[in-house]
Amino acid sequence: MLEKYNFTEIEKKWQQIWEKEDAFRVSEDPDKEKYYVLEMFPYPSGKLHMGHVRNYSIGDVLARFKTMNGFNVLHPMGWDGFGLPAENAAIKHNVAPADWTWANISDMQDQLKQMGLSYDWNREVATCHPEYYRWMQWIFIQFYKKGLAYKKESQVNWCPSCQTVLANEQVVDGCCERCKSPVGKKDLSQWYFKITDYADRLLQNLDTLDGWPTKVKTMQRNWIGKSKGALATFDVQDREEKLTVFTTRIDTIYGTTFMVLAPEYPDVIPMVEGTEYEAPVREYIDRCAHMTEIERTSTTNEKTGVFIGRYAVNPFTKKPMPIYISDYVLMGYGTGAVMGVPAHDQRDFDFAKKFDLEIIPVIDPQDPEVDVNDLKEACAAEGVLINSGEFSGMNNKEAIEKIALVAKERGIGEPTITYRLRDWLISRQRYWGTPIPMIYCEDCGWVPEKEENLPVMLPTDVEFTGKGESPLATSKTFADTVCPCCGKPAKRELDTMDTFLDSSWYFLRYTDARNTEQAFSKEKADYWMNVDQYIGGVEHAILHLMYARFFQMALYDLGLTSSEEPFQNLLTQGMVIKDGAKMSKSLGNVVSPAEIIEKYGADTARLFILFAAPPERELDWSDRGVEGSFRFLNRVYRMVYDFKANYEKAVPGEYEIRNDADRKLAYTLNYTIKKVTEDIGERFNFNTAISSIMELVNEMYKYREGDVNETLFACAIRTLVVLLAPFVPHVTEEMWEHLGYEGRAYAQSWPSYDPDALVKDTIEIVVQINGKNKAKIDIPGDATRDDMLAIAAEDETIRGLTEGKNVIKTIAVPGRLINIVAK
RNA sequence: GCGGCUAUGGCGGAAUAGGCAGACGCGCACGUUUGAGGGGCGUGUGGGAGACCGUGCCGGUUCAAGUCCGGCUAGCCGCACCA
């Protein structure tokens, strides 16, 4: 160890040693309690950013801390290797997506290794590796066999820029989640996963996920969007068609004055064919079809629509009512048909005003401020039914239950539940993804590839134009195959899978990453799963985290896993920002991890990022703050160096408390152990853990100015190095070695504290009069409530303060304060 | 519109079960070491001359409120014509 802190050399040295010693390799050990800590694996863009550094620093502290506490810790890392940027690079720079991706993986792996993260690299996975996507395809086939995968022709979200379809979840504010272009519609035959079959379980299980942030659970609940309601079926006058509506307010059915269908509603065209209404209806439908998602939803208030010339019959009142089509009714939710109750629904009210339709109030809110016969806006309040035949006079909450049941008896409806969640569209017209292992045979239809033929390899003779259909269509070798069923010539599916599939089970593959016979062995998965702590950005709250939950449930139903939920505890880290804004190239406020590591070292980068804010919060990057963390490490380094130089023979061991200074240091030392242990283990408050270690160091600096008890100080030095080890692994390893201790710092057991050292002889407490701090007195550390009051009663100062006053009440909190209420 | 989160010195943040608000760090000031600079070491640092006043605002509960309750305001995030 040099006199000066040379982080570059130290970090290189220890990274090499860890690699040579395969320090972080783990295997199943039934005698040890396991702990699985997982950070969301990165897309291999080629460059690590501060968000990654934060994510992996948090995970690494936890992994190292748990290891030191005797757990068998699984801490893996891998690559979400498939995705669009690789294809864009292919188009732009004429490099093969595979070459580009593997080069990036190699670069990023170097950068991760420079951070000194305790990964078991033997378990590294890359989703774009054939040995990974082989099992992805195998899982797809299992889902298909179970009826969870199906192909359907429908109108899909189409990103004109990415030239591919998008799942509902990937459309954000009407724009493509990735490239931000406005999303349009397209009719295509695509593969879907039946995630809606799991809607209720995905929702129900959220209640069991105590270790998840409520924010994420709420977002998922909203996304699943369960709503209880009823179906009601309306006949169409002079027609065979029947129109079924979904409503949460069946109690207002007597107030229905019109009916609205989504423009895409399948029965619309047959109902208008050959009538004078056909032309305007077709024109309206056409207009809607050409609108992007944004255009369609931007006209929030102004309702549009067309009367289709037909009348529906209200099943309760038997009254006919006009049928319209309007884009405010969505084909994708409920049944695509709604009953128009203008008196009690604002959208219906707006529509009725626009088309001059009748408004019939059927709920009286019994509010003197509301005149139901002259409504200025829809009245959604609860109340009593009026104008509702046999149900008039009933409370509307009661009516919601009752009318649905009556409808069921009469065969005109029934109670039901609807979800906002749609089935997951998984086909992508992309090259750089897992090929969908399905084959189309003229005779047999869609047939899965034989499992022994997996993986269906991505071809390399492909052209990238960035336009049109799937790039796999340009391969001369890929499409042609034989039917696995009948052996006749057949064609392969040319689309690839949404990359969110790849990341929906990688945590299972880590448990058995090198298995060539199975996706993962159930035994190993059962040993390591569930993930005890998952860490990542909140931007994955819906997409990834719900897809992964769905996969785990489906795999559970297939008997491949033993638990329905994959992630026991979830920590969503906050963003790293600078100057009050997200780091971005356009703002020019990006701080590159590589620069920081070069200037201050990985240990400083890790320490700062953990110290500056608690993990869930936003982290404001400060160059000054980084210097502070660097300064602290230098301060520790110097103290250890000086200690070794001045007290070469001092060894940690049983020490004697000779004086107050010794007692104070022993107290701080033990208190710090307690504090750091709790802050890391129970609260993930790494910032306060680090600040208490700083206090210990400050205390040690003061202590060494006086009469040094070598054994005690040696204990403090040793403990300091161990407590810092999870945060700053390189420099602590160097100091550990320099101090001449056995083994490696990372392999030490976590220290325990001596509760006796935390008992103080005297403590200072506050005396309040009427809740205001007035004095401080010293009392014995073990003083009871009565002792405290007795001491206070005899104290001169306090007597003076209460003199002439009438003491009404005294409160004493042991170890904290006394409050005297006096008039 | 609906739902969630946040609000504390010049700044990042601390106060874990209602009990000394501002730990720790940054910045700043001063002292010290040094030929000087840098660096180190140390002291001080919410406001106010003071009794006191101070955790976005108004009110409440309590002996005691940053913390609990009711009502606002602002900012951020998510969803949004969901019938």
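The structure displayed is predicted, hence computed values, not measured ones. (Residues numbered from 1 in each chain as written. Chains lettered and ligands numbered in written order. Predicted model: local features only at pLDDT ≥ 70, side-chain atom pairs only at ≥ 80, totals over all residues. Heavy atoms only, no water.)

1. Concerning the sheet that holds strand β6 (residues 164-166)
The strands making up a sheet associate through backbone hydrogen bonding, with each pair oriented either parallel or antiparallel.
Next, step 1: Strands sit in the order β6-β5-β9-β19 across an open sheet of 4 strands; the sheet is antiparallel. At either margin of the open sheet sits one strand with a lone partner, and together these are β6 and β19 (424-425).
Next, step 2: As defined by bridge partners, strand β5 (residues 149-159) adjoins β6 across 3 bridges and the pair is classed as antiparallel. By the bridge assignment for β6, Cys159 is matched with Thr164.
Next, step 3: In the packing of helix α5 (residues 130-145) onto the sheet, contacts are made with β5 and β9 (184-193), and the angle to β9 comes to roughly 90°. (Pairing = 2+ DSSP bridges. Helix = DSSP H or I, 4+ residues; strand = E, 2+ residues; numbered from the N terminus. Contact = heavy atoms within 4.5 Å. Axes fitted to C-alpha atoms, helices over the stretch in contact; angles between N-to-C directions.)

2. Some points on the protein's contact with RNA strand B
Next, step 1: In the region of RNA strand B, 56 residues are neighbours, and Thr248, Lys303, Arg347, Lys675 and Lys774 sit closest.
Next, step 2: Near the protein, within 4 Å, the atoms of RNA strand B are sugar or phosphate in 65% of cases.
Next, step 3: Taking Lys776, its side chain carries an N or O atom lying 3.0 Å from a base oxygen of RNA strand B.
Next, step 4: At 7 residues, helix α21 (residues 686-703) tops the list of elements feeding residues into the surface near RNA strand B. (Near = heavy atom within 4 Å. Polar contact = N/O pair within 3.5 Å; in protein donor to acceptor, adjacent residues only side chain to side chain.)

3. Structural notes on the side chain of Arg606
Next, step 1: Structurally, the position occupied by Arg606 is in helix α18 (residues 602-611).
Next, step 2: Among the polar contacts listed, one links the side chain of Arg606 to the backbone oxygen of Pro726, at a separation of 3.0 Å.
Next, step 3: What Arg606 contacts, discounting residues up to four positions off in sequence, is Ser57, Asp60, Arg64, Met115, Gly116, Leu117, Pro726, Phe727 and Pro729.

4. Observations concerning the packing of aromatic side chains
Next, step 1: Going through the model one piece at a time under the given rule, you end up with 61 aromatic pairs.
Next, step 2: For the pair Phe246 and Tyr333, a centre-to-centre distance of 6.2 Å together with 80° between the ring planes defines the contact as edge-to-face. On the criterion of sequence distance, the pair formed by Phe246 in strand β11 (residues 242-247) and Tyr333 in the loop between β14 (320-325) and β15 (337-340) is long-range, its members being 87 residues apart.
Next, step 3: According to the relative accessible area criterion, Tyr333 is partly exposed, its value standing at 29%.
Next, step 4: Taking the ring centre of Trp18 as reference, the NZ or CZ of Arg64 above it sits at 5.1 Å.
Next, step 5: Directly above the ring of Tyr701 sits Arg704, whose terminal nitrogen or CZ lies 4.4 Å from the centroid. (Phe/Tyr/Trp six-rings, centres within 6.5 Å; stacked < 30°, edge-to-face > 60°. Buried < 20%, exposed > 50% of the residue type's maximum accessible area, 1.4 Å probe, protein only. Lys NZ or Arg CZ within 6 Å of the ring centre and 35° of its normal.)

5. Examining the packing of helix α19 (residues 623-646) against helix α23 (residues 729-738)
Helix-helix packing is characterised by the crossing angle of the two axes and by the distance between the axes.
Next, step 1: Contact geometry of α19 with α23 gives a least axis separation of 10 Å together with a crossing angle of 5°. Overall, the two elements α19 and α23 adopt an arrangement that is roughly parallel. Contacts from Leu633, Val636, Tyr637, Val640, Tyr641 and Lys644 in α19 reach Val731, Met735 and His738 in α23. (Parallel < 35°, antiparallel > 145°, perpendicular 65-115°, else oblique.)

6. Here we look at the environment of Ser154
Next, step 1: With respect to the helices, strands and loops of the structure, Ser154 is situated in strand β5.
Next, step 2: According to the relative accessible area criterion, Ser154 is buried, its value standing at 15%.

7. A look at the pairing of β11
Next, step 1: Bridge analysis of strand β10 (residues 227-236) against β11 gives 6 bridges, and the strand direction is antiparallel. Note on β11: the bridge partner recorded for Thr233 is Thr244.
Next, step 2: Adjacent in sequence and paired antiparallel, β10 and β11 are bridged by 5 residues, among which Asp238 carries a positive phi angle near 60°.

8. Examining the environment of Tyr132
Next, step 1: Looking at where Tyr132 falls in the secondary structure, it is placed in helix α5.
Next, step 2: With near-sequence residues (within four places) excluded, Tyr132 lies in contact with Val125, Ala126, Thr127, Asp502, Trp505, Tyr506 and Arg509.
Next, step 3: At 3.3 Å, the side chain of Tyr132 and the backbone nitrogen of Tyr506 are in polar contact.

9. Description of the sheet that holds strand β28 (residues 576-578)
Next, step 1: Here 3 strands make up an open sheet; going across it, the order is β29-β28-β30 and the pairing mixed. Since the sheet does not close on itself, it has two edges, and those belong to β29 (581-582) and β30 (619-620), each with one partner.
Next, step 2: As paired strands, β28 and β29 are joined by 2 bridges and run antiparallel to one another. Across the sheet, the residue bridging to Lys578 is Ala581, located in β29.

10. Quick notes on the confidence of the model for chain A
Next, step 1: Per-residue confidence for chain A gives a mean pLDDT of 92; residues scoring 70 or more make up 99%.
Next, step 2: Of the two predicted TM-score estimates for the complex, the pTM is 0.94 and the ipTM is 0.95. (pLDDT = per-residue confidence, 0-100.)

11. Re a negative patch on the surface
Next, step 1: Residues Asp761, Asp782, Asp786 and Asp787 make up a contiguous surface patch of negative charge.
Next, step 2: Along the chain, Asp787 falls in helix α24 (residues 785-794). (Patch = residues over 30% accessible without salt bridge, like charges linked within 9 Å, V, L, I, M, F, W, Y side chains within 5 Å. Areas by Shrake-Rupley, 256 points an atom, 1.4 Å probe, with all protein chains shown as cover. Salt bridge = Lys/Arg side-chain N within 4 Å of Asp/Glu carboxyl O. Lys, Arg positive; Asp, Glu negative; His and termini not counted. Charge placed at Lys NZ, Arg CZ, Asp CG, Glu CD.)

12. Focus on helix α2 (residues 50-68)
Next, step 1: The terminal C-alpha atoms of α2, which comprises 19 residues, lie 27 Å apart, in line with the 27 Å expected from a rise of 1.5 Å per residue.
Next, step 2: Within α2, 17 of the 19 residues are buried, which leaves it mostly tucked inside the rest of the structure.
Next, step 3: Just past α2, the residue Gly70 takes up positive phi, approximately 90°. (Expected span 1.5 Å × (residues − 1).)

13. Concerning the environment of Tyr192
Next, step 1: Checked against the element boundaries, Tyr192 lands in strand β9.
Next, step 2: Taking relative accessible area as the criterion, Tyr192 reaches 7% and is therefore assigned buried.
Next, step 3: Remark: the alpha-carbon pair of Tyr192 and Leu425, spanning 233 residues in sequence, is separated by 4.4 Å.
Next, step 4: Among all residues touching Tyr192, those that are not within four sequence positions of it are Leu148, Ala149, Tyr150, Lys152, Ser154, Val156, Asp423, Trp424, Leu425 and Ile426.
Next, step 5: Here the side chain of Tyr192 touches Ser154 through a polar contact of 2.7 Å, side chain to side chain.

14. What to know about the side chain of Thr668
Next, step 1: Among the structural elements, Thr668 can be located in helix α20 (residues 660-683).
Next, step 2: The residues contacting Thr668, other than those within four sequence positions of it, are Leu696 and Glu699.

15. Here we look at the pattern of salt bridges
Next, step 1: Using the criterion set out here, one finds 43 salt bridges in the structure.
Next, step 2: Across the salt bridge formed by Glu734 and Lys13, the nearest N and O atoms sit 3.0 Å from each other. Linking Glu734 in helix α23 with Lys13 in helix α1 (residues 7-21), this pair joins segments that are 721 residues apart in sequence.
Next, step 3: In this structure Glu734 comes out as buried when scored by relative accessible area, which is 6%.
Next, step 4: A relative accessible area of 28% means that Lys13 is categorised as partly exposed.
Next, step 5: With its nearest N and O atoms 3.4 Å apart, the salt bridge here joins Glu678 to Lys674. Highlighted residues: Glu678 and Lys674, both in helix α20, separated by 4 residues, approximately one helical turn.
Next, step 6: Residue classification places Glu678 among the partly exposed positions, given a relative accessible area of 29%.
Next, step 7: Lys674 gets classed as partly exposed once you look at its relative accessible area, which sits at 26%.
Next, step 8: Connected through shared salt-bridge partners, Lys13, Glu734 and Glu737 make up one network.

16. Notes on α20
Next, step 1: For α20, with 24 residues, the first-to-last C-alpha span of 32 Å sits near the 34 Å given by 1.5 Å per residue.
Next, step 2: Residues of α20 that are buried include every one of Asp662, Leu665, Ala666, Thr668, Leu669, Asn670, Thr672, Ile673, Val676, Asp679 and Ile680, and no others.
Next, step 3: Considering only its buried residues, α20 is in contact with α2, α21 and α22 (710-724).
Next, step 4: Here α20 starts with a cap whose side-chain oxygen sits 3.1 Å from the backbone nitrogen of Ala661, and that cap is Asn659.
Next, step 5: Count one or two residues on from α20 and you reach Phe684, which has phi positive near 55°.

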